[in-house]
Amino acid sequence: MLKLTKTFIAGAAVSVFTLGLGLSAANATEGYFANGIGARHKGLAGAGVADSRDATATTNNPAGLVHADDQVAISASLFSPIRKFTGLDNNPSFTPTGEVKSKSNYFGIPNFALSKRVHGIPLFDVVGFSVSGNGGMNTNYRNRSAANSGVACPGFGLPGGVFCLGKTGINLEQMLIQATAAKQVTSGLSIGVGAIVARQVIHIQGLGAFAAFSSNFTNVSNQGTDDSYGFGLRAGLEASLMPNVRLGITGTSPIWMSEFDKYSGLFAGQGDFDIPPSLQVGLAVDVTPNVTIMADFKRIWYSYTASVSNPSSNIFNCTPIPAAFPPTGPGCLGNSQGAGF
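Residues numbered from 1 in each chain as written. Predicted model: local features only at pLDDT ≥ 70, side-chain atom pairs only at ≥ 80, totals over all residues. Heavy atoms only, no water.

Q: Teacher, can you tell me more about the environment of G230 here?
A: Tracing the sequence through the fold places G230 in strand β9 (residues 225-242). Sequence separation between G230 and Q200 is 30 residues, and the spatial gap between their C-alpha atoms is 8.7 Å. G230 has contacts with I196, V197, A198, I255, W256 and M257, leaving out every residue within four places of it along the chain. (Helix = DSSP H or I, 4+ residues; strand = E, 2+ residues; numbered from the N terminus. Contact = heavy atoms within 4.5 Å.)

Q: Help me understand the pattern of salt bridges, please; the structure alone is not making it clear to me.
A: Oppositely charged side chains are able to pair whenever their charged atoms sit close together. If you walk through the whole model with that rule in mind, you get 8 salt bridges. One salt bridge in this structure joins R53 and D51, with 3.0 Å as the shortest N-O distance. Look at R53 and you get partly exposed, because its relative accessible area is 47%. With a relative accessible area of 4%, D51 lands in the buried category. Measuring nitrogen to oxygen at the nearest pair gives 3.5 Å for the salt bridge that ties D125 to K183. Linking D125 in the loop between β5 (107-117) and β6 (126-141) with K183 in strand β7 (residues 168-186), this pair joins segments that are 58 residues apart in sequence. The exposure class assigned to K183 is partly exposed, which follows from its relative accessible area of 22%. Residues joined by salt bridges that share partners form a network here, namely R40, D51, R53, R246 and D286. (Salt bridge = Lys/Arg side-chain N within 4 Å of Asp/Glu carboxyl O. Buried < 20%, exposed > 50% of the residue type's maximum accessible area, 1.4 Å probe, protein only.)

Q: Mind showing me how you'd approach the nonpolar core here?
A: Buried together is how nonpolar side chains tend to be arranged in soluble globular proteins. Residues I202, I204, I255, L266, F267, F273 and I275 are the most contacted members of the largest nonpolar core, which totals 31 residues. Within the residue set of this core, elements represented by two or more residues are β7 and β8 (189-205). If we skip the residues at most four places from it in the chain, F267 touches I202, I204, F260, D272, F273, S307, G334 and F341. If you look at the next biggest cluster of nonpolar residues, it comprises 6 residues, including L65, V66, V126 and A182. (Core = buried A, V, L, I, M, F, W, Y, C linked by side-chain atoms within 4.5 Å.)

Q: Would you take a moment to explain the packing of aromatic side chains for this structure?
A: Ring pairs (aromatic) are described by centroid distance and by the angle formed between their planes. Within this structure, the stated rule accounts for 11 aromatic pairs. Both rings, one in F217 and one in F325, keep their centres 5.5 Å apart while their planes meet at 50°; by these two values the pair is tilted. Separated by 108 residues along the polypeptide, F217 in the loop between β8 and β9 and F325 in the segment after α5 (306-309) bring together distant segments of the chain. Within the aromatic cluster, the residues linked to one another by ring pairs are Y32, F33, F260, F267, F273, Y302 and F341. (Phe/Tyr/Trp six-rings, centres within 6.5 Å; stacked < 30°, edge-to-face > 60°.)

Q: Help me understand the state of the cysteines in this model?
A: By definition, a disulfide links the sulfur atoms of two cysteine residues through a covalent bond. All told, the structure shown has 1 disulfide when counted by the stated rule. Residue C318 pairs covalently with C332 via a disulfide, S to S 2.1 Å. Since a negative S-S torsion denotes a left-handed disulfide, the C318-C332 link at about 90° is right-handed. Within this pair, whereas C318 is found in the segment after α5, its partner C332 is found in the segment after α5, the two being separated by 14 residues in sequence. (Disulfide = S-S within 2.5 Å.)

Q: Just checking my understanding: could you explain the side chain of T58 for this structure?
A: You can see T58 is positioned in helix α2 (residues 57-60). A residue is classified by how much of its surface remains accessible, and T58, at 0% relative accessible area, is buried. At 2.9 Å, the side chain of T58 forms a polar contact with the backbone oxygen of A55. Every residue in contact with T58, bar those within four places of it in the chain, is listed here: L65, L114, G128, F129, S130, Q178, T180 and R234. (Polar contact = N/O pair within 3.5 Å; in protein donor to acceptor, adjacent residues only side chain to side chain.)

Q: What exactly am I supposed to notice about empty space enclosed by the protein here?
A: Rolled over the atoms, a probe sized like a water molecule indicates the empty space that remains. On inspection of all chains with the given rule, the structure shows 2 cavities of 30 Å³ or more. When its volume is computed, the largest cavity comes out at roughly 310 Å³. Taken together, 26 residues form the lining of the largest cavity, with T59, R234, S278, Q280 and K298 sitting closest to its centre. Contributions of two or more residues to the lining of the largest cavity are made by α2, β6, β7, β10 (245-252) and β12 (278-288). Class assignment of the residues belonging to the lining of the largest cavity gives a composition of 10 nonpolar, 13 polar and 3 charged. Reported here for the second largest cavity is a volume of approximately 60 Å³. In terms of lining residues, the second largest cavity is bounded by A34, G36, I37, G38, K42, S75, S77, I109, P110, N111 and G133. Secondary structure elements with two or more residues in the lining of the second largest cavity: β3 (71-87) and β5. If you tally residues by element for the lining of the second largest cavity, the top one is β5, at 3 residues. For the lining of the second largest cavity, the residue count by class is 4 nonpolar, 6 polar and 1 charged. (1 Å grid on protein atoms, 1.4 Å probe; cavity = no way out; pocket = protein on both sides within 12 Å on 5 of 7 lines; lining within 4 Å. Points joined across faces, edges and corners; volume = space filled by probe spheres on them. Nonpolar A, V, L, I, M, F, W, Y, C, P; charged D, E, K, R; others polar.)

Here is the structure:
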C-alpha cells in the first residue's frame, strides 16, 4: 500500500507589470494531475476558473484570458510528495518487511504564460501561449537488501529491493504547450478555446519480476527513458451571473498520445498512456473589493486511460511463465485488459 503523508506547495510569480510571491500549504491532490497551474492557482489549491486575472488563464480557463492585458507570467512551484509503504511481515517473500520510504522528495515545476490583446480581428480579442507541467508521478526506492539495510528480500534469492530486483522506481513527466484565443461575446460573457500539444517522458526500473505476467515480457522494465507525443483541445466559458458573482466552466478533451513502445509489455494497450479528459466548474463571489470567495469542483476521467483504471487484480486473469509460454490470458500486462495502477 502506498501512503501519501504530506504535500507541500510553494509558488512564485513574475509578470512584466507586477511581482508577486506566495507561499502556502495546500492540502489537495488530483491523482497525478497538477492541482492548479501557476503560483496564484497553486496558492488556491487549484480553484479560480471563475476568477482569472492574468496570462495563466490560458491553461486554467481560456475564457478568462479576456481579463489579461499584454503580459508575460513566469512561475515555479516546489512540489514535495512524501511516499512510503509498509511491507507485510507475514509475507516477506515478495517485498521487504517494515516501512520503506521513497527518495527524491522535492520537484520543481515551471510554468510560462503569455497573453496579447489583438485589434481589428472580430473572431477573438486576446491570444495566449503557455508551457506548463500538467502532472506526473515519481517513486524512487533504493536497493534494500540484507547487505545494505539489514532487511532481507529472500523471495527469489536475488539482490533485494522492493521486488527483489534492486533499485525500483517510476518517473512520469507531462508537459503541455497550448495556444489559445478568447473572445468577449457580450458584456459579462466570454469564451475561449485552445489547441494543446503534449509530451510525456517515462523511466521505469525494478519491475522485472512482473515480466512473467506480460504479453511482451522484454518490454516491462529497465528499458531506459521513453517519450510520447500527442494533441488535444481545451475550451472554457465565463459568465457574470450578477455584478459580483461569476461562473466559470472549463474542460479538456482526452489528449491522444503515441504509445510508450519501450514499455509496451507493462501498460495496457501495448504502451498506451493517453492523458484523460477533465472538467472543472467554479464560482467566484466578490464579498468586498478586496475579498473574493471561490469554490471549484473538478472531475478527471481517469477511467479513460486503461493503464491507470484497469484493476490491478486483472493480473490474476493471466497464466504466467513458466506455466505457459508466452503468458496467456486477457489480464496479462500489455493487453487491453491488462492490470493497471
